[in-house]
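So you can see what is in the structure, the chains are spelled out below.
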Amino acid sequence: MFRVNRLRITVNTAAGEFGFDEKFDKRINFIASYENTKGKSSCIEAIYYCLGLEELIGGKKEKTLKPVFRKSVEYQQEEIAVLESNFYLEIQNKNLEIITVYRTANKQNFDSSLVTVFFGDMNKLDRGIVRSEDMYLHSKGSATSNKGFHMYLERFLGWELPEVPTYDGIDRKLYLQIVFAGIFIEQKRGWADLFATLPTYLKIKEPQKRIVEFIIGLDSLTNEKLRQDHKTSEMELKSGWTKSYNNIVNTLKKVRCKIYGLPNSPTILDENYHDKVSIFRTHNSDEEVPLSEYILELNKNIENINRKEVKVGDNIEDLQEELLSLNEKISDLQKEVYDKNNELVYEKGSVQSLIHSLEIINKDILNNKDTLKLKKLGSSEEWLINKNLCPTCHQKIHDSLLPQDIHYEFMSIDENINHLDAQKKMMEFAIKSHKLNISNIEDTINWLEKKLMNFRSIAHSINNDIYCNDENLSETVIRKKLSLEIEIDLLDEIEKDCKKDIIAFKELSNQWRDLIAKKKKFPDEEFTANDRVMIKKLRDYFTLNLQDFGYSSIVDKSTIQISDIKLLPTTEGFDMKFDSSASDNIRAIWAYTLALMQVSNKFSGNHPNLLIFDEPDQQSIIANDMKNFFQTIVSFEFDCQVIIGITMKDEETRKIISDLDEDDYRLILLEDKAIHPRKNAKRWDVMKKINDPNDDAEVQGILQAEIYENTPEEIYRFMVEDIVDTYIENVTSNSIQGTCTIEALDEEGDDFTFDARYEIEFDSEDENVITNIEINLIFD
Amino acid sequence: MFIPDNVEGISFTNRPIAVPYNYRIIYRISQIILIIYYCCNRKACSLEKIHITSTALSTKDEMEKLLQFLDKENESYILVRFNPAINRAIDFALAEDILIRQKNGLFKLSTKGKKYMDNIVKDKDLFIFEKLNLSNIGTKLTEDRINQLISLWRGSYV
């Protein structure tokens, strides 16, 4: 389970250090005061802030914090300016790993969206013996990237947050700050409604429902995930299919062929679909004949040639006629090649000018982004001209250096960037299509030139034939035959390849069929039987809690249901809030928030077993109900932690708390302001000398320590721990032990001596790394 | 205008128009601040100098012309363009208390302006080309040189 162990706040002010440092080690931890405005909420908000969940308070970064951390501390009727604030939160997960999260506010040269994670508890941190890592928040990727703090926190909590649909049509991760809206109840807005502090700008559809699903671990979320998987495999299949299809089309295009009857997107193909697929060849200009027929015709031509006399003298007349027509064809072809080349030059020119425009647009985008950054620089953020106000007359101005009296509407920089991005996309698209044209034209030119070459060589052969001896073998006939045979071979091969590719579509089609079958099998019902059991249990716990807390707006509790649509409590189909009195609404929030944790524990869901309630005594709740609320929390059989901010205005409230079993609660009573001067911080000389016979070592000199939260004994222990490993050298084995004598000073400055037994284990690979250190102090 | 009979009416939607980045107030002001930082030893700067340098930053050609002019002591003429957008930017900067106009008419940065300047200069991703070009110009364009240029106008145009 997740636990908040300790919170330390230090506020550096013009009048020294102020702070707060408390442990939360019991089941219920009260941060209490007799009066208001003592700083309870400030402390609770600091927990939110450390976890990067300040959006639940309504905003990002330090501006959401109370002025005591940003502007001024009030102390003894004096306002003291705040210089910087530091927050440390020690948290622990179910594997008992402990980390300390550190975040700053208003600290010079420190971005408050930076979080430092120390991999150890706060005591270790004080002595600087823990490894740390910087992570960031509130920027793109903080929930999904490895350096993002929320990604880290998610893993620390042992969660795997699902991807959920959003209003943008893209699936996004269910953000941590959304889940915690059902776990941390904030004071100002938290008591208005269930999940009232949900940040809405994240555009997640039905966020309340997603929270409940995730916290209690409903199958419907897994189903949602399966649905996602199907979607991805559908995409993959589609793109695979199109790729194979385009492959065939492109190969065929090179020999002026087209394919018909093959679907270009995934379909279930029947057994003999390949019979229906046909390849046609474009003949002459636009006449199309089946490829097989064309090949047959070529074969027939060869036969014709074979039948012909091969001697020149026998067909001299034919030869002359053929030469004439051939020359005509050649000049036609030459003209065609010339035209195509012109087209090519034009297309290439277009591409070049488009690339130039694209460069300009890219530069514009870059400069616009710079401008946006300039606007957001810390030191310019407050300028009036950055809020589109005239610095002189505070009238509205438009953000342009054109004359201000032009009455056009101007784009904002963001809009401008989007506008340019759209232009960029258009340019890129145009470039792509021109490039496609170029490759098409080049293919045609290639083909034409090949044809031209063929014609020329035949013409050359005819010429040779005409001027040679009549008895000679006709070169023309042989050449023609040869070129026909080459063409037939080529087409045969391509046809064979294509047939093979077409048969490969069967496999894709099978995969497609399986996918569709899987999708069909998918339950129409959103909730599985298991889910129903959990939802019913949620209802039971909820109504039981309501009864305990004295909820009376609805007498017949059997009308209360958990709605399937939102997974929120309804009565007779309506939101329960409408039928509840103001104080009963508060009771409902208690009941539901606790019920979520109870169900989650019953069915091993994802609840972190930590709850925060800030001022649950809203709307003058009757003290007895409050008592039952605490009793319910104490009675839970599972391990959990609850942090409650409470004002103990009257004797009754005080009594309720003091009536609780001492082992169950810790009362952090703020008699003064929560953020108060750190009076108990005290420096004193601790140690004079350390003698270690084991290593002939002798460390001399006075060591100072600052006592804050720790007992003197702890301080001595830390000191020994720190020193021992500095003087131990020449380690040969994996562990070393010994006893040293320490000459120390107590808090009053009197000398005394004590022994310390130590045992240090080193890493087996690197003897400089200490894996374990144990110190026992022996006082006389 | 010819409108076919079957067209009942034409409606127009007023859409916002795009503004080039160098016509954004903050961009220009930042540019002026950089000019003062790189080309004036962080001291005061005349209006003409801002105009000349800002024109040079607009295209590569203009920049080359200015650099040529600066390299040759005796070649003493360049065209000075006065861009009203820069004047407006200066007005805004004065009103926002980023620039201060001294008694001698030169402009210098206020404390607020200096703080902002530090931010832009420190950021390595901002104004990469501008910073390079401006440091090429450096302090070569002196106020004396500009006054000399202005004194020529009298001779040529009166």
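In this text, all values refer to a predicted model and were calculated from it rather than measured experimentally.

I'm lost on the interface of chain B and chain A in this one. Help?
When the parts of a complex come together, some accessible area is lost, and that lost area is often used as the size of the interface. Each partner contributes to the interface: chain B provides 33 residues, whereas chain A provides 34 residues. Here chain B packs against chain A, burying approximately 3,200 Å² in sum over the two surfaces, 65% of which is carbon and sulfur. Where chain B meets chain A, there are two salt bridges. Ionic pairing is found between B:Arg24 and A:Asp399, a salt bridge with its closest N-O pair at 3.7 Å. Of all the secondary-structure elements, those providing two or more residues to the side of chain B that touches chain A are helix H1 (25-39), helix H4 (84-95) and helix H5 (111-122) of chain B. Looking at which element gives the most residues to the side of chain B that touches chain A, the answer is H1(B), with six residues. Here the side of chain B that touches chain A is built from residues that sort into 19 nonpolar, four polar and 10 charged.

What exactly am I supposed to notice about the packing of helix H3 (residues 60-71) of chain B against helix H6 (residues 128-137) of chain B here?
Residue and element names in this part refer to chain B. The contact between H3 and H6 brings their axes to 10 Å, and the two run at 20°. By the angle between their axes, H3 is roughly parallel relative to H6. Where H3 crosses over H6, the two elements pack in a sense that is left-handed. Here H3 contributes Met63, Leu66, Leu67 and Leu70 to the contact with H6, which in turn contributes Asn133, Asn136 and Ile137. Class assignment of the residues belonging to the contact of H3 with H6 gives a composition of five nonpolar, two polar and no charged.

Mind showing me how you'd approach a nonpolar patch on the surface here?
Together, B:Ile3, B:Val7, B:Ile10 and B:Phe12 line one region of the surface with nonpolar side chains, adding up to about 410 Å² of accessible area. For B:Val7, the location among the structural elements is in the segment before H1.

What exactly am I supposed to notice about the packing of helix H7 (residues 219-254) of chain A against helix H12 (residues 475-521) of chain A here?
Packed helix pairs are specified by the crossing angle of their axes together with the interaxial distance, meaning the distance between the axes. Residues and elements named next belong to chain A. H12 packs onto H7 with a crossing angle of 165° between their chain directions and a minimal axis gap of 10 Å. As summarised for this structure, H7 and H12 are arranged roughly antiparallel, according to the angle between their axes. The way H7 lies across H12 gives a crossing that is left-handed. Residues His230, Ser233, Glu234, Leu237, Lys238, Gly240, Trp241, Ser244, Tyr245, Ile248 and Leu252 of H7 touch H12, and the partners they reach there are Ile494, Cys498, Asp501, Ile502, Phe505, Leu508, Ser509, Gln511, Trp512, Leu515, Lys518 and Lys519. Partitioned by chemical class, the residues of the contact of H7 with H12 number 12 nonpolar, six polar and five charged.

Please clarify how the pattern of salt bridges should be interpreted in this entry.
Side chains that differ in sign of charge can pair as their charged atoms come close. Residue and element names in this part refer to chain A. Tallied over the full model, the rule gives 28 salt bridges over all chains. For the salt bridge of Lys238 with Glu234, the shortest nitrogen-to-oxygen distance reads 3.5 Å. Linking Lys238 with Glu234, this pair stays in helix H7, spanning four residues, or about one helical turn. The partly exposed category is assigned to Lys238, whose relative accessible area is 38%. Here the salt bridges do not stand alone but share partners, grouping Arg6, Arg8 and Asp21 into one network.

For this particular structure, what's the right way to read the packing of aromatic side chains?
For any pair of aromatic rings, the description rests on two quantities: the centre-to-centre distance and the angle between the ring planes. All names here are of chain A. Applying the stated rule across the entire model yields 27 aromatic pairs over all chains. Seen in terms of ring centroids, Tyr88 and Tyr102 are 4.7 Å apart; in terms of plane orientation they differ by 20°. Their pairing is stacked. With a gap of 14 residues between them, Tyr88 in strand E5 (residues 78-92) and Tyr102 in strand E6 (residues 98-105) connect regions that are remote in the sequence. With respect to class, Tyr88 is no different from Tyr102; both count as buried. Plain terms: the ring middles of Phe549 and Trp590 are 5.5 Å apart, the flat faces sit at 75° to each other, and that makes the pair edge-to-face. One end of the pair, Phe549, is in the loop between helix H13 (529-548) and strand E15 (560-562); the other, Trp590, is in helix H14 (residues 582-602), and 41 residues separate them in sequence. For Phe549, a relative accessible area of 0% gives the class buried. Put simply, the rings of Phe30, Phe549, Trp590, Phe613, Phe629, Phe630 and Tyr665 pair up and form one aromatic cluster. In this arrangement the basic side chain of Arg103 is found over the ring face of Tyr49, its NZ or CZ atom lying 3.9 Å from the centre.

So, how was this worked out
Residues numbered from 1 in each chain as written. Chains lettered and ligands numbered in written order. Predicted model: local features only at pLDDT ≥ 70, side-chain atom pairs only at ≥ 80, totals over all residues. Heavy atoms only, no water. Contact = heavy atoms within 4.5 Å. Buried area = accessible area lost by both parts, 1.4 Å probe. Salt bridge = Lys/Arg side-chain N within 4 Å of Asp/Glu carboxyl O. Helix = DSSP H or I, 4+ residues; strand = E, 2+ residues; numbered from the N terminus. Nonpolar A, V, L, I, M, F, W, Y, C, P; charged D, E, K, R; others polar. Axes fitted to C-alpha atoms, helices over the stretch in contact; angles between N-to-C directions. Parallel < 35°, antiparallel > 145°, perpendicular 65-115°, else oblique. Left-handed = near helix turned anticlockwise from the far one by under 90°. Patch = residues over 30% accessible without salt bridge, like charges linked within 9 Å, V, L, I, M, F, W, Y side chains within 5 Å. Areas by Shrake-Rupley, 256 points an atom, 1.4 Å probe, with all protein chains shown as cover. Buried < 20%, exposed > 50% of the residue type's maximum accessible area, 1.4 Å probe, protein only. Phe/Tyr/Trp six-rings, centres within 6.5 Å; stacked < 30°, edge-to-face > 60°. Lys NZ or Arg CZ within 6 Å of the ring centre and 35° of its normal.

Honestly, that's just the spatial picture; any functional story needs more than this.
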